[in-house]
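A closer look at the structure
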Amino acid sequence: MSFNFDKKILNNSKTCVKLDKEIEISLDDCISCSGCLSSTDEAFGSTYSLNLLLDDFPKDIAIIISSVSKTNLYILYKKYFGTFTDFERALINFIRITFQPQKIYDLSYFQETQLCMAYKEFINRKNMLISSFCPGSTLYIEKKAPELLENLSKVFTLQQMSYLHNKALNTTTLSIVHCYDKKLENNRDNIKIEHIISTKEFIKILRHYKFDDYILDDSNNKNDEIQKNEISYKMYEGTVYSFIDYFISKINPTKTSENIINKEFIEYFIEKEEIKYKFLKIYRLNNIVNFLNKYKNAKSTYDYVEMYACVGSCSGGSVLEDGEMDIRMINNEFEFLTEKVLHNSMDLLLFSGKREFTAFKKKNYNFIVEW
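By convention here, each chain's residues receive numbers from 1 onward along its written sequence. Predicted model: local features are reported for residues with pLDDT of at least 70 only, side-chain atom pairs are reported and counted for 80 or more only, and whole-chain, interface and lining totals are derived from all residues. Computation of side-chain values: all heavy atoms of the structure, hydrogens and water removed.

Observations regarding the overall build of the chain
For the chain, the helix and strand inventory stands at 14 helices and 11 strands. Throughout, a residue-residue contact means that at least one pair of heavy atoms, one from each residue, lies within 4.5 Å. A separation threshold of at least 6 residues defines the contact pool for the chain, and within that pool the share at least 24 residues apart is 73%. With residues, only the protein chains shown are counted as cover, and all accessible areas are computed by Shrake-Rupley using a 1.4 Å probe. Carbon and sulfur atoms form 48% of the exposed surface of the chain, whose accessible area is close to 18,100 Å². Helix and strand labels come from DSSP, where a helix needs a run of H or I of at least four residues and a strand needs a run of E of at least two; each type is numbered from the N terminus.

A closer look at unusual backbone geometry
The phi dihedral of D60 is positive, around 55 degrees, even though this residue is not glycine. Checked against the element boundaries, D60 lands in the loop between α3 (50–55) and β3 (62–65).

Concerning the packing of aromatic side chains
Each pair of aromatic rings is reported with the distance of its centres and the angle of its planes. Between 30 and 60 degrees the pair is tilted, below 30 it is stacked and above 60 it is edge-to-face, where a pair is any two Phe, Tyr or Trp rings, Trp via its six-membered ring, whose centres lie within 6.5 Å. The final tally for this structure, using the stated rule, is 33 aromatic pairs. Relative to F87, the ring of Y77 lies with its centre 6.3 Å away and its plane at 15 degrees, an arrangement referred to as stacked. Taken together, the residues Y77 in helix α4 (residues 67–77) and F87 in helix α5 (residues 84–99) connect sequence positions 10 residues apart. Relative accessible area decides the class of each residue, using a 1.4 Å probe on protein chains only: under 20% of the type maximum gives buried, over 50% gives exposed, and in between gives partly exposed. Residue classification places F87 among the buried positions, given a relative accessible area of 1%. Note on Y277 and F279: the rings are 6.1 Å apart at their centroids and 20 degrees apart in plane angle, and the pair reads as stacked. With a relative accessible area of 0%, F279 lands in the buried category.

Considering the pattern of salt bridges
In the sections that follow, a salt bridge refers to a side-chain nitrogen of Lys or Arg positioned within 4 Å of a carboxyl oxygen of Asp or Glu. Following the criterion strictly, the structure yields 12 salt bridges and no others. A salt bridge links E225 to R89; the nearest nitrogen and oxygen atoms lie 3.5 Å apart. Here R89 lies in helix α5 and E225 lies in the loop between α10 (211–216) and α11 (243–251), a separation of 136 residues in the sequence. The partner of E142 in a salt bridge is R188, and the shortest N-O contact between them spans 2.8 Å. Remark: R188 occurs in the loop between β6 (173–177) and β7 (195–198) and E142 occurs in helix α7 (residues 135–144); sequence separation between them is 46 residues. Accessibility assignment for this pair places E142 and R188 in one class, buried. Linked by salt bridges that have partners in common, E142, R188, D189 and R355 make up one network.

Topic: the pairing of β6
Within β6, 5 of the 5 residues are buried, leaving the element largely enclosed by the surrounding structure. Burial along β6 is two-sided: the face carrying T173, S175 and V177 and the face carrying L174 and I176 are both buried. Any two strands with at least two DSSP bridges between them are considered paired. Two strands pair when backbone bridges link them, and β3 and β6 are joined in this way by 4 bridges, in the parallel orientation. If you follow I65 over to β6, its bridge partner there is I176. Summarising the sheet, β6 and β7 pair through 4 bridges and their orientation is parallel. What sits directly across from V177, in β7, is S198.

Observations concerning the sheet that holds strand β10 (residues 275–283)
A sheet is described by the order of its strands in space; here 5 strands give the open sequence β5-β11-β10-β9-β8, paired in mixed fashion. Where the open sheet ends on each side, the last strands, each with one partner, are β5 (129–130) and β8 (255–262). Two strands pair when backbone bridges link them, and β10 and strand β11 (residues 304–308) are joined in this way by 5 bridges, in the parallel orientation. Directly across from I282, in β11, lies its bridge partner M307.

Digging into helix α12 (residues 285–295)
Most of α12 sits out of view: 8 of its 11 residues are buried. Buried within α12 we find L285, N286, N287, I288, V289, F291, L292 and Y295. The elements touched by buried residues of α12 are α7, β10 and β11.

Quick look at the side chain of N229
When you line up the elements, N229 lands in the loop between α10 and α11. Using a relative accessible area of 11% as the deciding quantity, one classes N229 as buried. Ignoring sequence-local partners within four residues, the contact set of N229 consists of K103, I104, Y105, D106 and Y109.

Some points on α4
A large share of α4 lies buried, amounting to 10 of its 11 residues. For α4, the full list of buried residues reads S67, V68, S69, K70, T71, N72, L73, Y74, I75 and Y77. In the analysis that follows, any N or O atom pair within 3.5 Å is treated as a polar contact, provided that within protein one partner can donate a hydrogen and the other can accept it, and provided that, for residues neighboring in sequence, both atoms belong to side chains. Two or three places before V68, at the start of α4, stands the capping residue S66, its side-chain oxygen 3.0 Å from that residue's backbone nitrogen.

Here we look at the sheet that holds β7
Taken together, 4 strands build an open sheet; the order of strands is β4-β3-β6-β7 and the sheet is parallel. The open sheet terminates on both sides in strands that have one partner only, identified here as β4 (103–106) and β7. Going from strand to strand, the sheet's axes swing by 15 degrees on average, the running direction of each strand aside. Packing of helix α8 (residues 158–166) onto the sheet brings it into contact with β3, β4, β6 and β7, and relative to β3 it is tilted by some 165 degrees. As a rule, the C-alpha atoms of each element are fitted with a line to give its axis, helices using only the stretch in contact, and angles between N-to-C directions run from 0 to 180 degrees.

This is how it looks when you write it as structure tokens:
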């Protein structure tokens, strides 16, 4: 197995690329989340190969693309387009013409259904519930806090839902995601996506197939209407979307308050008549480590904990191409795309399965590593 290490690791090997300040982190704490390395096929158990896609892009495939990846691409190409919608139409039309996919899905197409299922799970919970939608933090719990496996949300991630929906097409799937860690969702929970690539890798493919020439050529039709399943739906404020924000909107509380310990650790106190809830949002791996060390063997007073290994959740990951991810600015251009997409009973049946989490068997190795 070969690895390509991020240049940040080579230049400053004590700094996790998901943090902007140096912290002391042991190899036991490192979850090999792929934040600082990209691996070959064996590491992710898939047939993924960027060179294969560059040399011979498969036809008639189903393409899944993350809204965050689109947003990042828009920031890179913003000077050529008036709005995000203009860019999105050009991108989707280019993908249609160049790659001739059987179907294209934006991950946010499944967002409302996922949020509804997560809220139902929350209402029926017996103990503290922890989000499982950041694969980095989920893997860390499996490895270092198996006592909390039963607390993890069993609802499928958006990428997993997209794959399950595509599966009926009996075709190869390509998933374009905003985070290397999303590759870790593959080959578990009966999910077997053939190709998973990051935003940065997709940019290489776009440029290889001359996307820049396409957008500069006025003779190309870049404004054909795109389908509901291809559109980016409005992202919830602050993060890509927030389960806690959605839960609060559904609860419709009579009283709310926040305790912002810092931008990476926020408590929410919610009251609805006689019922009280306590929520927590955590960003950054070091804060997650501290939380788990405190609560993995102790009863928590929180009802729901939403955690992300990156600051700013998915919009702050190290895999994104350089450029400020101003989600709120993009949201202002999404006003007409706030329609809620709820899926039919057949899809809900596909999504009704439960994710499974497994504790890693601990092995002790004696070796010397120079950080």
